[in-house]
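Residue-level structure breakdown
Letter by letter, the chains look like this.
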Amino acid sequence: MSFRLAHLSDAHIGPLPRTHWREIVNKRFTGYMNWKNRSKIHSMDMLRQIVADMHACAPDHVAMTGDILNLGLPGEFPHARDWLSTLGSPHDVSFVPGNHDAYLRSSLLHIVETFAPWCCSDGEEQLAFPYLRIRGESALIGLSSAIPTGPFLASGKVGAVQMTAFANILQETGRAGLFRVVMIHHPPWRGATNPGRGLRDAAEFENIIALHGAELVLHGHNHRRMQKLLPGANGAVPVVGAGSASAVPGSPRHLAEYHLYDVSRSGNGWSLRARVRGVAEAGGDIIDLGELQLT
C-alpha cells in the first residue's frame with residue numbers, strides 16, 4: 001500500500017466581497033482594518049501556483065486545515081466553496097475549519113451549509129466533528145477547533161464531546177491497524193503559541209494522544225512550518241504545521257508552502273516520508289524545499 005497525502009492550510013482567499021457597514025460593526029471591524037494590511041501578504045496568484053504544483057505531484061488525498069476565509073462574511077462562503085472545489089472532489093479532499101472561517105457565531109451556520117461535503121464521515125451527508133474517512137489503509141480524522149471569539153482573540157477549542165468521540169475513533173482505528181492522520185486547525189500542544197491564539201484544551205488533546213496514539217497530526221494557524229513530537233501509546237507522534245499556502249512577503253519562515261506525505265507499509269509498521277514544496281524567497285518559483293525530519 002502506498003498513499004500520498006498533500007497538506008495545505010491558511011489560504012485566506014481574497015479580495016473581500018462588497019461589505020455593508022452593518023456587517024463590520026462588531027469584531028469584524030478590527031479584522032477588516034487588519035485585512036487591509038494582510039491582503040498584501042496573501043497572493044491569489046501564488047495560491048493558484050501552489051495548487052497547480054500540488055496537482056502535478058498527484059496526491060491521493062488532500063488535507064486542508066482551515067482559514068479559507070478572512071472575516072466569516074456571508075459573501076465569502078460561496079467563493080470559499082468554489083476554491084475548495086479546485087483542490088478536488090469531496091471524496092478526495094478533507095477540510096477542517098479555522099478561526100477565520102468561524103469568525104462570528106453567525107458564521108457557523110454558513111460553515112455547515114458550505115463545507116458539509118468535505119467535512120463528513122464516510123457514508124454520511126451531514127457535517128459532524130470529529131469525522132472519519134478511510135482511504136485504503138489510512139484513517140483521516142477531522143477535528144474542529146474553530147470557535148467564535150472576542151476581538152483580538154484567535155484561540156480555539158475542541159470541547160469535551162468531540163474529545164470523547166475522538167478518543168474512541170483513535171482506539172478503533174488503532175485496533176484496525178490503520179495509519180491514523182489527525183487534522184485540526186490550531187497547533188494542538190501546550191505552548192505552541194500565546195494563550196490568545198492557542199488551543200484552550202491542548203492538554204486534553206495531548207492526554208488522548210498519549211493514551212491512544214496516532215501516526216501523524218496536521219495543523220495550520222501560525223502561518224509557518226512547525227514540528228513537534230508528542231508522546232504516544234506506541235512511540236512519539238509527529239505533529240506538523242504548514243505555513244500559509246498564499247503568503248508572499250515577509251521572513252523566509254512565512255512564505256507560501258505545502259507538504260507532501262508518502263505513506264507505505266514497512267514490515268509490521270509504517271514508512272512515512274515528508275517533503276516541503278514552496279518558495280524559498282519572495283517572488284521565487286515553487287521548488288522542493290527538502291524533506292521534513294519527523295523523528
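Refer to the structure printed above.
Residues numbered from 1 in each chain as written. Predicted model: local features only at pLDDT ≥ 70, side-chain atom pairs only at ≥ 80, totals over all residues. Heavy atoms only, no water.

1. Describing the overall build of the protein
Here is the rule we go by: Numbering of helices and strands starts at the N terminus; helices are DSSP runs of H or I of at least 4 residues and strands are runs of E of at least 2. To get the radius of gyration, use the C-alpha atoms; to get the globule rule, take the number of residues to the power 0.38 and multiply by 2.2 Å. Exposure categories follow from relative accessible area, calculated using a 1.4 Å probe and restricted to protein chains: below 20% of the type maximum is buried, above 50% is exposed, and the middle band is partly exposed. Should any heavy atoms of two residues lie within 4.5 Å, those residues are counted as being in contact. Values of accessible area rely on a 1.4 Å probe in the Shrake-Rupley scheme; residue burial ignores everything except the protein chains shown.
Counting its regular elements, the protein contains six helices and twelve strands. A compact globule built from 295 residues would reach a C-alpha radius of gyration of about 19 Å, and the protein, at 18 Å, matches this within 12%. Projected onto its principal axes, the C-alpha positions of the protein cover 60 × 45 × 35 Å. For the protein, the proportion of its 295 residues judged to be buried stands at 55%. Contacts in the protein between residues far apart in sequence, at least 24 positions, make up 67% of those at least 6 positions apart. A total of about 12,500 Å² of accessible surface is found on the protein, and carbon and sulfur atoms cover 52% of it.

2. Here we look at helix H4 (residues 107-115)
Applicable threshold: Our arc is simply the arc of the directions from the helix axis toward the C-beta atoms.
All of the buried residues in H4 are Ser 107, Ile 111, Thr 114 and Phe 115. For H4, the arc enclosing every buried residue in end-on projection is 80 degrees, short of the 170-degree limit, so these residues lie on one face. Turned more than 90 degrees away from the buried face of H4 sit Leu 109 and Glu 113, all of them exposed.

3. Overview of the nonpolar core
In plain terms, the rule: The set of buried Ala, Val, Leu, Ile, Met, Phe, Trp, Tyr and Cys residues whose side-chain atoms join them within 4.5 Å is what this entry labels a nonpolar core.
Judged by nonpolar contacts, the single largest core of 56 residues is most densely connected at Ile 68, Trp 83, Leu 84, Leu 87 and Phe 115. With six residues, helix H2 (residues 44-56) is the single largest residue contributor to this core. If sequence neighbours within four positions are ignored, Leu 87 has contacts with Leu 8, Val 51, Met 54, His 55, Val 62, Met 64 and Val 93. Membership of the second largest hydrophobic core comes to 23 residues, among which are Ile 141, Leu 170, Phe 205 and Met 226.

4. Regarding the sheet that holds strand E12 (residues 286-291)
Where we set the bar: Here a strand pair is declared whenever DSSP counts at least two bridges between the two strands. Angles shown run from 0 to 180 degrees and are taken between the N-to-C directions of axes, each axis being a line fitted to C-alpha atoms and, for helices, limited to the stretch in contact.
Across the sheet, which stays open at both edges, the six strands sit in the order E3-E2-E1-E10-E11-E12 with mixed pairing between neighbours. Two strands bound the open sheet, and with one partner strand each, they are strand E3 (93-95) and E12. Taking the axes of each pair of neighbouring strands and ignoring which way they run, one obtains an average angle of 25 degrees across the sheet. Bridge count for strand E1 (residues 2-8) against strand E10 (residues 257-266) is six bridges, and the pairing is antiparallel. Along E10, the bridge assignment pairs Leu 5 with Tyr 261. H2 contacts E1, strand E2 (61-64), E10, strand E11 (269-279) and E12 of the sheet and is inclined by roughly 20 degrees relative to E10. Against the sheet, helix H3 (residues 76-87) contacts E1, E2 and E3, and its axis sits at roughly 145 degrees relative to E2.

Note that all results are geometric; they support no functional claim without further evidence.
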